[in-house]
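Analysis of the macromolecular model
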Amino acid sequence: MKKEFTLQLSPQEAYDPIIFQEVILKKAGLPVDSTDVVARQVKRSIDARGRNVKVNIQAELFVKETPPAMLDHRPEYKNIGNEDPIIIVGAGPAGLFAALRAIELGVKPIVIERGKDVRSRRRDLAAINKDHVVNPDSNYCFGEGGAGTYSDGKLYTRSKKRGDIRRIMEIFVAHGATEEILVDAHPHIGTNKLPKLVEDLRESIRQFGGEVLFDTRVEDFILEGNEMKGVVTQHGDKITGIGVILATGHSARDIFYLLHKKEITIEAKPFALGVRIEHSQNLIDSIQYHCGLDRGPYLPASAYSLVHQTEFKKKQRGVFSFCMCPGGFIVPSATAPGELVVNGMSPSRRDGKFANSGIVASVELEDLPEYQKFGPLAAMEFQADIEKKAWMYGGKTQAAPAQRMVDFVEKRVSSNLLDTSYQPGLNSVEMRDVLPDFISERLAMAFKAFGQKMKGYYTNDSQLIGLESRTSSPVRIPRDRESFEHVQIKRLYPCGEGAGYAGGIVSAAMDGERCAERLIEAYVK
């Protein structure tokens, strides 16, 4: 027998498995020492709006019945090693899930990745953090698993396609993720656990006949008329296939340059730019959970989401939090020497002493009149120039320019900076010298407004660490709304964040699957 419950519980009742089982049994009118019963949570979300934090739970109780598996979708792969291939450029979530979907549909994928496998990437990440050396092919953005592998592993998406989302989540679980990601309203795998999961995704591709090529950078396209036939690597190797899924991520500037050089249609795209803010996690917990400086043993590290509309020189633009990392740390995310970019990440337990979040302002193309000469690369060239400037102000290393929050708003250089999770170090500067005025003025307005929404947020016990600039791709590679094929070049399927059609791990994975489906439907007979 199965019973279903919708409950509002205390954190202890929700997160202590023994107490949770007792609560469910009492609700069901059964003795707490009942045997042959299994209680499990199906959905869980935290409600911190009142003085006492509550946890909303959807639960199931099975009495004298074995609970069914929580996975509805177990992909069925068959060996496709002898089939004609499709080419997938990029082994981030869009590329990996495109490859797995192709295998399900009976087509061989060849995945081409400029960076290293997920474990070998670690040496290059250590070199950035400790020696300030940036490998342009292997870093926090490039390499197996893409940017998401070493930047937190958030699986939350605003997409309304719930069935597709569930499918992606279940594929993650089938490859080693915990079933908790099927339960939590804001699921998160964790930087420490993602590498093994990414390895398992890759091994599924190889096990069933697909190919994954590392240290292989695409430097040219093979075109016949208006059809894409394949790619040329840095070694001069030509790899051809039925079609090409281009899933290179939001930082592959060389690919955008190549497309432009080949006169393949691309478009400048608005994005967002700002800084990363770091507070103590205890402070954010005390604001969000109304709990003093100790959230207790049950509640997870608290998060926040903020947005404020600003007006500067008669133009309205939003300022918003981006990729908030509870209990996390800030990492250097440059993809070339001579630039400074930061991002945030959290381990699975989110047990660090700092909370960080991007706080960014929208950048519209009309904000960049002096860059219009670059045509479709206008926003990208602006982004690159600000990153170079941040590198200069950081001291021409991977040390980041920084300033305390109130000092920034009140226009004074901080006499000293706070402890930080950012390993390469900080350099105290006037961040208004790094950021253009249409960004810095909007951030200053927003910080004061955020302090009204979250009492205690606006404080000099927090600091701006710059530069947060890789929020999304500054270029869109346009495609047909129905076929997903490039508007000009046949057999080319722009995909994921780098093409401007996703934002985050889950939406990129979903887009990868859809691109594989459309390509195969159109060209595989």
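See above for the structure.
This one's a predicted model, so the numbers in the text were calculated from it and none came from an experiment.

Below, the discussion takes up the side chain of Ser 204. Positionally, Ser 204 belongs in helix 6 (residues 194-207). Sequence-distant contacts of Ser 204, that is, excluding residues within four places in its chain, are made with Leu 100, Ile 103 and His 175.

Right, let's talk about the packing of aromatic side chains for a bit. Under the defined criterion, the tally for this structure stands at 9 aromatic pairs. Taken together, a centroid distance of 6.1 Å and an interplanar angle of 85° make the contact between Phe 450 and Tyr 457 edge-to-face. For the pair Phe 450 and Tyr 457, one class covers both residues: buried. Each member of the aromatic cluster is reached from another via a ring pair, and the members are Phe 271, Tyr 371, Phe 374, Phe 382 and Phe 438. We note Arg 432 situated over the ring of Phe 408; from NZ or CZ to the ring centre the distance is 4.8 Å.

To continue, consider the sheet that holds strand 2 (residues 37-47). Two modes of strand pairing occur in sheets, parallel and antiparallel, and in both the strands are linked by backbone hydrogen bonds. Taken in spatial order, the 3 strands make up an open sheet running 1-3-2, and their pairing is antiparallel. The two strands at the open ends of the sheet, each matched to only one other strand, are strand 1 (2-9) and strand 2. Averaged over all pairs of adjacent strands, the angle between strand axes in this sheet comes to 15°, irrespective of strand direction. Direction of pairing for strand 2 relative to strand 3 (residues 54-63): antiparallel, over a ladder of 10 bridges.

Attention now goes to unusual backbone geometry. Between Gly 466 and Leu 467 the backbone carries a cis peptide bond, its omega angle lying at 20°. In this structure, Leu 467 sits in strand 20 (residues 463-468). Non-glycine residue Lys 64 carries a positive phi angle of around 50°. Using a relative accessible area of 70% as the deciding quantity, one classes Lys 64 as exposed. Here Lys 396, not a glycine, exhibits a phi torsion of approximately 60°, which is positive. Along the chain, the position of Lys 396 falls in the loop between helix 9 (378-393) and strand 18 (400-404).

Taking burial as the measure, the 6 residues of strand 20 include 6 buried ones, the bulk of the element. With 4 bridges connecting them, strand 12 (residues 271-280) and strand 20 associate as antiparallel partners. Looking across to strand 20, one finds that Glu 278 is bridged to Gln 463. Relative to strand 20, strand 18 runs antiparallel, the two being bridged by 3 bridges. Its bridge partner being in strand 20, Arg 404 is matched across the sheet by Gln 463.

So, on to the environment of Asp 36. Its location among the elements puts Asp 36 in the loop between helix 2 (17-27) and strand 2. Excluding its chain neighbours within four sequence positions, the residues that come into contact with Asp 36 are Phe 62, Val 63 and Lys 64.

This next bit is on the pattern of salt bridges. All told, the structure shown has 42 salt bridges when counted by the stated rule. Here Arg 114 makes a salt bridge to Asp 137, at a shortest N to O gap of 3.0 Å. Remark: Asp 137 occurs in the loop between helix 4 (121-131) and helix 5 (162-174) and Arg 114 occurs in the loop between strand 5 (108-112) and helix 4; sequence separation between them is 23 residues. Residue Arg 114 shares its accessibility class with Asp 137, and that shared class is buried. As a salt-bridge pair, Asp 511 and Arg 514 come within 3.5 Å of each other at their nearest N and O atoms. Linking Asp 511 with Arg 514, this pair stays in helix 14 (residues 505-523), spanning 3 residues, or about one helical turn. Arg 514 carries the same exposure label as Asp 511, and that label is buried. Here the salt bridges do not stand alone but share partners, grouping Arg 101, Glu 104, Arg 167, Glu 513 and Glu 517 into one network.

Criteria and thresholds
- Numbers given to residues run from 1 along each chain, matching the order in which its sequence is written.
- Only residues with pLDDT of at least 70 get local features here, since the model is predicted, and only at 80 or more are side-chain atom pairs given and counted; chain-wide, interface and lining totals rely on the full set of residues.
- In computing side-chain values, all of the structure's heavy atoms are included and hydrogens and water are not.
- By the criteria applied, helices consist of DSSP H or I runs no shorter than four residues and strands consist of E runs no shorter than two, each listed in order from the N terminus.
- By definition, residues are in contact when any of their heavy atoms lie within 4.5 Å.
- Two aromatic rings from Phe, Tyr or Trp, using only the six-membered ring of Trp, form a pair when their centres are within 6.5 Å; if the ring planes differ by under 30 degrees the pair is stacked, by over 60 it is edge-to-face, and anything between is tilted.
- Burial here depends on accessible area, computed with a 1.4 Å probe over protein chains only, as a share of the maximum for the residue type. Under 20% is buried, over 50% is exposed, and the range in between is partly exposed.
- Here, over-ring charges are defined by two tests on the NZ atom of lysine or the CZ atom of arginine: distance to the ring centre within 6 Å, and angle to the ring normal within 35 degrees.
- Pairing between two strands is assigned when DSSP locates at least 2 bridges connecting them.
- Angles run from 0 to 180 degrees between N-to-C directions of axes, and those axes are lines fitted to C-alpha atoms, restricted for helices to the stretch in contact.
- Here a salt bridge means any side-chain nitrogen of Lys or Arg lying within 4 Å of a carboxyl oxygen belonging to Asp or Glu.

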